[in-house]
Each structure stands twice: as C-alpha cells, then as structure tokens.
Amino acid sequence: MRMSQNTSTSQALLDHARSVTPGGVNSPVRAFRAVGGTPRFIREAKGPWLTDVDGNRYVDLICSWGPMILGHADPRVMDAVQQAASRGFSFGTPSENEVALATEIVSRVEPVEQVRLVSSGTEATMSAIRLARGATQRSKIVKFAGCYHGHVDALLAFAGSGLATFALPDSAGVPASSAGETIVLPYNDVDALDAAFAEHGDEVAAVITEASPGNMGVVPPVPGFTKALRDITTKHGALLISDEVMTGFRCSAAGWFGHEGQQGETAPDLFTFGKVMGGGFPAAAFGGRRDLMELLAPDGPVYQAGTLAGNPIATAAGLATLQACTPEVYAHLDRVAHTIADAASSELMKAGVPHQVQWASSMFSIFFTDEAVTNYDGAKKQDIHAFARFFDAMLAQGVHLPPSSFEAWFVSASHDDEAVAHIVEALPTAARAAASTDSAATL
Ligand SMILES: *Cc1c(COP(=O)(O)O)cnc(C)c1O
C-alpha cells in the first residue's frame with residue numbers, strides 16, 4: 001500500500017544531482033539502492049523531525065547515522081556554533097575549543113590518556129592503524145567481516161570463508177598489496193581468532209574491531225569475546241583498536257567501553273571516535289595510552305596531520321553536544337528505543353513476519369530473519385525484500401528509517417511522546433507490508 005506523498009521536487013533534484021555527482025549522492029547509502037524509491041532531499045530538521053523539499057515531514061530514525069543524539073538544531077549546540085562562528089571559522093593554529101573537547105573525551109573514557117582530533121571516522125581509523133604499525137613495527141591488521149571502519153584501503157576487505165582468510169579487495173581500486181596485509185575473520189568466533197594468531201601472531205600489528213558492531217545491523221559481542229580479543233592481542237604483542245566511531249558517547253557517557261563495563265580487564269590500547277563527538281559537524285578522534293600517542297608527530301616518528309583538524313566550530317558543536325549528554329539523556333534514549341522496538345516487534349509478530357531485535361545499549365536494529373545474528377554471514381541471511389517493503393511503508397507514513405537492513409536505528413533525546421506515537425501508529429501497516437509477498441516489488 002502506498003499513501004499519496006508528493007516527491008516530485010526530490011526526484012527532480014536527484015535527476016539533476018546525477019548529472020553532477022556520481023549516483024546523485026555523496027555517500028552511497030543515501031541513494032536508496034537497497035530499498036528502492038526516491039531518496040528524500042531534506043530541507044531542514046528540528047528535534048526528531050525532518051522536512052523534505054516537497055514539504056513532507058518524517059520522524060527521523062537515522063539521526064545523521066548517529067551524531068544527532070540530542071535531536072536536530074538543538075538550541076544549546078546552535079548557540080555554541082553561532083558563538084564560535086562569530087569569532088572566525090578556522091585558524092590553522094592551536095585554539096581553545098579543541099583542548100576543551102579533548103579534555104572532555106579523556107575525562108569520559110578511562111583508558112584514553114590522549115587524543116588527536118581529525119575530521120572523519122575514516123581518518124581516525126586510518127591514523128590509528130598507522131600508529132599501531134609504527135608502534136609495533138609490524139604490518140598485518142586483523143579485522144572482522146561485517147565491521148565497517150570507514151573507507152580506508154586496508155579495511156575495505158570482506159571475509160573469505162574459513163579461517164584466517166587473506167582478504168580480497170571489497171572495492172575496486174584497493175591494491176592487493178594493501179588488502180593482502182588484512183586478515184578478515186568472522187565476528188564472535190574465538191576459534192578463528194586463535195587459529196589466525198597461531199599462524200600469523202608475530203606479524204599482526206593490531207586487531208581492529210567495532211566495539212559493538214552496528215554496521216551489519218546491530219550485532220553485539222557475545223559474552224567473553226571482547227575479553228578474548230584483549231587476551232590474545234596482549235599474548236602476541238599486537239595492539240587492540242576499539243572503533244567507537246558509532247558507539248562512542250552513544251551507548252553510554254563512555255561509549256560501549258563504559259556500557260560493557262569490564263574496565264581494567266578489556267581496556268583496548270587505542271580507540272577511535274566520531275559521529276556523536278562532532279555534534280553533526282566533521283570532528284572525529286583517535287586516542288589511547290600516552291606512550292602510544294606520543295609516537296605521533298611532532299613528538300614521535302608517526303606522521304599525521306589535518307588542515308581542518310580541531311576546527312573551532314566543529315569542536316564547539318561537539319563539546320556542547322557531549323556536555324548535554326547527561327545520564328537523563330541516556331535513560332531517555334533507552335526508554336524511547338525500547339518503546340519503538342517493542343511496538344515494532346509486536347506488530348511484526350502479529351503479521352507473522354520472522355524477525356530479531358538486537359541491541360547495543362540504546363542502539364538497535366531489526367533483522368528480518370528467525371535466527372539470532374552473531375556475525376556477518378548471519379546478517380546476510382535476512383529477508384532484505386521484506387525490509388524494503390517495511391521501509392517503504394514507514395516512509396510513506398512519515399517515518400524515515402535507515403534505508404538499508406544492515407544499519408542501526410538511532411533515536412535522540414528529542415524523540416518525545418508525539419514522535420514516538422507517530423512511529424507506533426505507522427507500524428501495523430508497515431508490518432503487514434513486510435508480510436505481503438504479493439505487493440509490488442520495490443527493488
Ligand atoms: C561511521 C563509521 C566510521 C567512518 O566514519 P566517517 O566519519 O563516515 O568516515 C568508522 N567506523 C565506524 C564504526 C563507523 O560507524
């Protein structure tokens with residue numbers, strides 16, 4: 001079923017965008033290829049609501065893929081941004097806001113003694129890997145299938161089957177020499193990890209993992225997995241890099257690390273952050289133990305730099321956002337996420353649609369499959385067509401889900417009763433659409 005929703009201006013913009021930008025978008029998921037239909041060009045956003053260029057309104061469950069944890073155009077962040085902007089946009093010198101943001105991060109995440117600010121999560125993971133290689137004088141990196149760490153050459157690698165498969169490039173343009181230094185393993189599989197380290201242990205510079213994966217849908221570590229990562233890397237002299245670009249400052253004030261709560265036992269060597277810490281502006285970071293971070297230029301031999309790194313406006317937005325993330329905010333995110341997920345699950349159940357709701361604190365996603373998902377192979381078994389029908393029906397009723405079944409759903413502090421009620425009202429129709437195999441294919 002499709003409600004009447006005029007999308008002609010979005011469609012016209014997309015048609016024009018295609019002539020000047022590949023696929024008409026600046027990040028592939030925005031093109032709606034996984035769900036079909038016209039991507040909505042958003043004109044403005046306030047709180048939990050998006051308004052598109054045709055005037056349609058949507059409750060937002062993307063939240064810019066995580067950063068908008070307070071909701072859109074939060075007045076406190078707006079104020080910080082306007083004040084910072086009134087003093088100039090970028091200096092190319094040290095400035096105060098970047099120290100304040102670094103201090104805030106260091107004070108929240110106990111094992112992080114120093115951070116270096118960068119402009120994107122991709123830069124953060126790329127730099128953390130260079131630092132790990134510099135520190136260990138080794139070259140191999142272990143990553144897990146289904147974990148996304150930005151579009152870094154060495155990390156754009158998927159899993160072959162079996163143990164310790166040397167990755168093939170996942171993207172054209174990634175040299176085999178780069179991907180060949182990457183070992184891709186199935187997530188949540190300690191045996192595969194042991195086998196890879198038995199063979200290559202003394203060549204591995206670092207294991208990089210999403211602290212709790214959210215880029216294959218939400219697939220949290222099984223109990224003991226994070227600890228196993230710490231133990232095996234320590235045993236073989238490799239570093240552990242916890243990618244908290246998505247989970248950092250979202251899963252708790254101290255990210256997934258704070259949420260999983262095994263501090264001393266599982267403290268990684270390096271962390272990467274992004275998304276929430278920029279408050280919607282380009283700011284990201286990598287950080288960790290002082291003795292490692294001191295290997296960076298200008299103190300040490302590992303080079304890393306950025307023209308706009310620590311940008312005064314981005315850091316002002318990030319700092320205002322983190323300061324507003326109180327315990328009440330995290331409690332609200334939990335409550336709202338559970339209300340939405342419970343309602344979705346109950347409607348899908350009524351409609352007879354097999355599904356799994358999976359959680360990482362307030363981050364969740366719904367897999368259209370009847371088995372719990374613990375790794376990428378499991379995630380790939382979901383019924384992506386059922387998701388596409390569900391997505392389409394939600395969008396038509398004014399709820400903007402992430403346009404892919406391999407993504408987390410994000411809520412914000414601004415998701416109030418009205419926004420939640422709007423989502424809940426849309427669910428029965430969407431659940432029936434997911435169930436109906438004879439509805440027109442949207443793909
Ligand atoms: C989003 C994301 C990145 C990449 O960040 P960008 O700012 O898009 O470059 C890296 N790692 C994880 C876990 C992410 O979710």
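Computed from a predicted structure; not experimentally measured. (Residues numbered from 1 in each chain as written. Predicted model: local features only at pLDDT ≥ 70, side-chain atom pairs only at ≥ 80, totals over all residues. Heavy atoms only, no water.)

With respect to the overall build of the protein chain
Scanning the protein chain from terminus to terminus reveals 15 helices and 14 strands. By the compact-globule yardstick of 22 Å for 443 residues, the protein chain fits well, its C-alpha radius of gyration being 21 Å. Seen through its C-alpha atoms, the protein chain measures out along the principal axes to roughly 60 × 55 × 45 Å. For the protein chain, the residues scored as buried account for 57% of the 443 residues in total. (Helix = DSSP H or I, 4+ residues; strand = E, 2+ residues; numbered from the N terminus. Rg over C-alpha atoms; globule rule 2.2 N^0.38 Å. Buried < 20%, exposed > 50% of the residue type's maximum accessible area, 1.4 Å probe, protein only.)

So, the pairing of strand 8 (residues 204–210)
For strand 8, the tally of buried residues reaches seven of seven residues, placing the bulk of the element in the interior. Relative to strand 8, strand 5 (residues 140–144) runs parallel, the two sharing three bridges. In the strand pairing of strand 8, Ile-141 is matched with Ala-206. Across five bridges, the pairing between strand 8 and strand 9 (residues 239–244) is parallel. Counted as the bridge partner of Ala-206 is Leu-239 from strand 9. (Pairing = 2+ DSSP bridges.)

Observations concerning the sheet that holds strand 1 (residues 42–46)
Working definition: the strands of a sheet are paired by backbone hydrogen bonds and lie parallel or antiparallel to each other. Overall, mixed pairing links the four strands, which are arranged 1-2-3-14 in an open sheet. The open sheet terminates on both sides in strands that have one partner only, identified here as strand 1 and strand 14 (399–400). Note that strand 3 (residues 57–60) and strand 14 share two bridges and pair parallel. If you follow Val-59 over to strand 14, its bridge partner there is Val-399.

Focus on the packing of aromatic side chains
Summed over all chains, the structure comprises 14 aromatic pairs. Ring geometry for Tyr-187 versus Phe-225: centroids 4.9 Å apart, planes at 70°, classification edge-to-face. Taken together, the residues span a long stretch of sequence, with Tyr-187 in the loop between strand 7 (182–185) and helix 6 (190–200) and Phe-225 in helix 7 (residues 225–236) at a distance of 38 residues. Here the aromatic rings of Phe-364 and Trp-409 are separated by 5.3 Å at their centres, their planes lie at 50°, and the arrangement is tilted. One end of the pair, Phe-364, is in strand 13 (residues 363–367); the other, Trp-409, is in the loop between strand 14 and helix 15 (417–435), and 45 residues separate them in sequence. Exposure class is identical for Phe-364 and Trp-409. Each is buried. In this structure an aromatic cluster arises from ring pairing among Phe-32, Trp-359, Phe-364, Phe-368, Phe-387, Phe-390, Phe-391 and Trp-409. Over the ring of Trp-49 we find Arg-57; its NZ or CZ atom is 4.2 Å from the centre of that ring. (Phe/Tyr/Trp six-rings, centres within 6.5 Å; stacked < 30°, edge-to-face > 60°. Lys NZ or Arg CZ within 6 Å of the ring centre and 35° of its normal.)

Observations concerning the UniProt feature "modified residue: N6-(pyridoxal phosphate)lysine" (unreviewed entry) in the protein chain
Mapped onto this numbering, the UniProt entry gives "modified residue: N6-(pyridoxal phosphate)lysine" (unreviewed entry) at Lys-275. As for its position among the elements, Lys-275 is in the loop between strand 10 (270–273) and strand 11 (284–288). Residues in contact with Lys-275, not counting those within four places in the same chain, are Trp-65, Pro-67, Val-245, Met-246 and Ala-283. (UniProt positions renumbered as here; feature names shortened; annotations may be inferred. Contact = heavy atoms within 4.5 Å.)

Looking at unusual backbone geometry
Phi is mostly negative for residues that are not glycine, and the peptide bonds are mostly trans. With an omega of 10°, the peptide bond running from Ala-297 to Pro-298 counts as cis. With respect to the secondary-structure elements, Pro-298 resides in the loop between helix 10 (290–293) and helix 11 (312–324). Phi is positive for Ala-73, which is not a glycine, with a value near 55°. Mapped onto the elements, Ala-73 comes out in the loop between strand 3 and helix 2 (75–85). The exposure class assigned to Ala-73 is partly exposed, which follows from its relative accessible area of 28%. With a phi close to 40°, Lys-275 is a non-glycine residue in the positive phi region.

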